[in-house]
Amino acid sequence: LLNRFHENVVWSMRGNFFDVPTDCPQRDERLGWTGDLEIFSPTASFLYDVTGFLTSWLQDLAADQQDARGIVPVVIPNVLPDSPMAAAAWGDAAVIVPSVLYQRFGDESVLASQFESMRAWVDRVAEIAGERRLWDQGFQFGDWLDPAAPPEDPGAARASHPLVATAYFARSAELVGRAAGVLGRVEEEAHYLSLARDIREAFAREYVTPAGRLVNDVQTAYALAIEFGLLSNEEQRRHAAERLRELVQQDGYRIGTGFVGTPLICDALCHTGNYAAAYRLLLQQECPSWLYPVTMGATTIWERWDSMMPNGSVNPGEMTSFNHYALGAVADWLHRTVAGLAPAEPGYRKILIQPRPGGGIRHASARHATPYGLVECRWSIEGQTINIHVMVPPNTTATVSLPGKDLEPFEVASGRYHWSYAYQDPDARRPLSVDDLIGDIADVPQAWIAVRESIARLAPRSHFLGFGLLSQRKTSLRQALSVLPNSEEVLTEISNTFSRL
């Protein structure tokens, strides 16, 4: 299923990258929507050499942006009749796409040619946000196509529009400052990096508690805060990471994000140590999930998580496409984390080899044609042994981090390498016990079903009480159920069931 999903990502890209990067090829739209490309550009840059294609599109973007006084139209070329409106994530394509191209292909000229466009966008948003540095006015798409949004209102996401917009404002200001540094534009570098600091501080004052809880308590908000560096200290980051994991768990490891959160959610989990949750999210097959469309026969990426409903009917929303690449942006995480291949410096001058197996996946591989030649990382687990094969192209070096090894990352030069050693799955579960926390037991679907069935059968008169006690996720199962009239009988049966799982 995962390989089929990745093929679907490739085919959606191939079906849409003609003349301009369209959102879909098959209906009366076929427009170069900036938001779709902004989130998909890292994946696109791995799958194909898109430098010429996207550099041309960025020139069109700069031309249309100039006509709109710094605002980036939501589609490029701008063929819409209405006046352009500034929209976070969509307009930020002016900054993020050139930054991605520079990171992936190492050519500074894309930053040089697009710098005025990048700067003009951030300057215009700064005007809108004002001295408070909070982008909390005007239209926003927000976390578009959140699965909780009704079919007729795809923008009704759980993530706060002002929070999303301000997070992107901080991110783009930071990237413009970095681009200025690459280009040797010292004054602009200092200005935009200072602006980014101001926005982060404003974000923290408005949206983050001192402990690290976000006032908008949803997955996309935490993913943005973690991945865009919007938390003030490590304690806030730790607390936010734990809350994100809880929210993913509470959604049953089904997707709870839209356009904005989906490309970030797995990285946000993994960068804070929650690999097991990221893999469970990746491999979920129930709707909404990445693999649900595959189980329904999809051969491309769908626009909506449920473009086709579980009963086989088409989603009743006005927009329903079966070929949109945007939600396939997670493929970039597959390349970097599952397969373990990522650039450590622009253009893969230095490479990061850091595979991290999980989710019961036994093998993965990735190859990429860098400006220096072909780089490859492939690994397989056979029994209790992991085998890792790496090829590093000429005139580059790679930093290697071997999974399951208590070793500091080390550097290798160009050449072929192979490592083979004993390996244990770091996410492997020990046998469950009734003394485990309810939240940990709820992570295992079979165990959770068994708990509820035992309560319903052995304590029928108080089963509503029993089900209510299961909401105490940070309490042990034994402690929570101890108030039931025949708790020992219930716990004994549950314990026997756990021993058979």
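Everything that follows concerns the structure shown earlier in this document.
Everything quoted here is computed from the prediction, not taken from an experiment.

Caption draft 1: Representation of the side chain of Asn16 in the model. Among the structural elements, Asn16 can be located in helix H1 (residues 2-16). A polar contact of 3.0 Å, which involves the side chain of Asn16, links it to the backbone nitrogen of Cys24. Look past the residues within four positions of Asn16 in its chain and what remains in contact with it is Pro21, Thr22, Asp23, Cys24, Pro25, Asn323 and Tyr325.

Caption draft 2: Structural view of the packing of aromatic side chains. In the structure shown here, the tally under the stated rule is 17 aromatic pairs. Judged by centre distance (5.0 Å) and plane angle (25 degrees), the rings of Phe17 and Phe53 are stacked. One end of the pair, Phe17, is in strand S1 (residues 17-18); the other, Phe53, is in helix H3 (residues 51-67), with 36 residues separating them in the sequence. The buried category is assigned to Phe17, whose relative accessible area is 14%. Ring centres of Phe203 and Tyr207 lie 5.1 Å apart, and the angle between their planes is 55 degrees; on these two criteria the pair is classed as tilted. Taken together, the residues Phe203 and Tyr207, both in helix H7 (residues 186-207) and 4 residues apart, mark about one turn of the helix. Classification of Phe203 as buried rests on a relative accessible area of 0%. Classification of Tyr207 as buried rests on a relative accessible area of 8%. Pairwise contacts between aromatic rings join Trp33, Trp90, Phe139, Phe141, Trp144 and Phe259 into one cluster. The positively charged end of Arg356 is found above the aromatic ring belonging to Tyr275, 4.1 Å away from the centroid.

Caption draft 3: How the structure looks around the nonpolar core. Residues Tyr168, Trp290 and Trp333 are the most contacted members of the largest nonpolar core, which totals 142 residues. Looking at this core element by element, the count peaks at 12 residues for helix H6 (residues 161-182). If near-sequence neighbours (up to four positions away) are discounted, Tyr168 is found in contact with Glu38, Ile39, Ala88, Ala89, Asp92, Ile96, Leu224, Phe228 and Val260. Counting 22 residues, the second largest nonpolar core, distinct from the first, contains Val434, Leu458, Ala480 and Phe498.

Caption draft 4: Representation of helix H8 (residues 219-227) within the structure. In terms of burial, H8 is largely enclosed, as 8 of its 9 residues are buried. For H8, the full list of buried residues reads Gln219, Thr220, Ala221, Tyr222, Ala223, Leu224, Ala225 and Ile226. At its buried positions, H8 is contacted by H6, H7, helix H9 (234-250) and helix H10 (262-270).

Caption draft 5: View of the side chain of Thr475. With respect to the secondary-structure elements, Thr475 resides in the loop between helix H16 (463-469) and helix H17 (477-481). For Thr475, the residues in contact, after removing those within four places along its chain, are Asp436, Leu437, Ile438 and Ala480.

Caption draft 6: Structural detail: the state of the cysteines. According to the stated counting rule, one finds 0 disulfides in the structure shown. No disulfide involves Cys270; its nearest neighbouring cysteine sulfur is the one of Cys266, lying 6.3 Å away.

Caption draft 7: Seen up close, the pairing of strand S5 (residues 363-370). What you see with S5 is a clean split: Ala364, Ala366, His368 and Thr370 sit on the buried side and His363, Ser365, Arg367 and Ala369 on the side with no burial. Strand direction decides the pairing type here: S5 and strand S6 (residues 373-382), joined by 8 bridges, are antiparallel. Considered in S6, the bridge of Ala364 is made with Trp379. The turn joining S5 and S6, which pair antiparallel and follow one another in sequence, is formed by 2 residues.

Caption draft 8: Representation of the pattern of salt bridges in the model. Applying the stated criterion to the full structure yields 25 salt bridges. The salt bridge involving Asp146 is made with Arg158; its shortest N-O contact spans 2.9 Å. Within this pair, whereas Asp146 is found in the loop between helix H5 (109-129) and H6, its partner Arg158 is found in the loop between H5 and H6, the two being separated by 12 residues in sequence. With relative accessibility at 34%, the residue Arg158 sits in the partly exposed group. For the salt bridge of Glu174 with Arg200, the shortest nitrogen-to-oxygen distance reads 2.8 Å. Within this pair, whereas Glu174 is found in helix H6, its partner Arg200 is found in helix H7, the two being separated by 26 residues in sequence. When its relative accessible area of 16% is taken as the criterion, Glu174 is described as buried. Arg200 sits in the partly exposed class, given a relative accessible area of 23%. Salt bridges sharing common partners tie together Arg213, Asp217, Arg243, Glu246 and Lys474.

Here is what the cut-offs are and how they apply
- Residues numbered from 1 in each chain as written.
- Predicted model: local features only at pLDDT ≥ 70, side-chain atom pairs only at ≥ 80, totals over all residues.
- Heavy atoms only, no water.
- Helix = DSSP H or I, 4+ residues; strand = E, 2+ residues; numbered from the N terminus.
- Polar contact = N/O pair within 3.5 Å; in protein donor to acceptor, adjacent residues only side chain to side chain.
- Contact = heavy atoms within 4.5 Å.
- Phe/Tyr/Trp six-rings, centres within 6.5 Å; stacked < 30°, edge-to-face > 60°.
- Buried < 20%, exposed > 50% of the residue type's maximum accessible area, 1.4 Å probe, protein only.
- Lys NZ or Arg CZ within 6 Å of the ring centre and 35° of its normal.
- Core = buried A, V, L, I, M, F, W, Y, C linked by side-chain atoms within 4.5 Å.
- Disulfide = S-S within 2.5 Å.
- Pairing = 2+ DSSP bridges.
- Salt bridge = Lys/Arg side-chain N within 4 Å of Asp/Glu carboxyl O.

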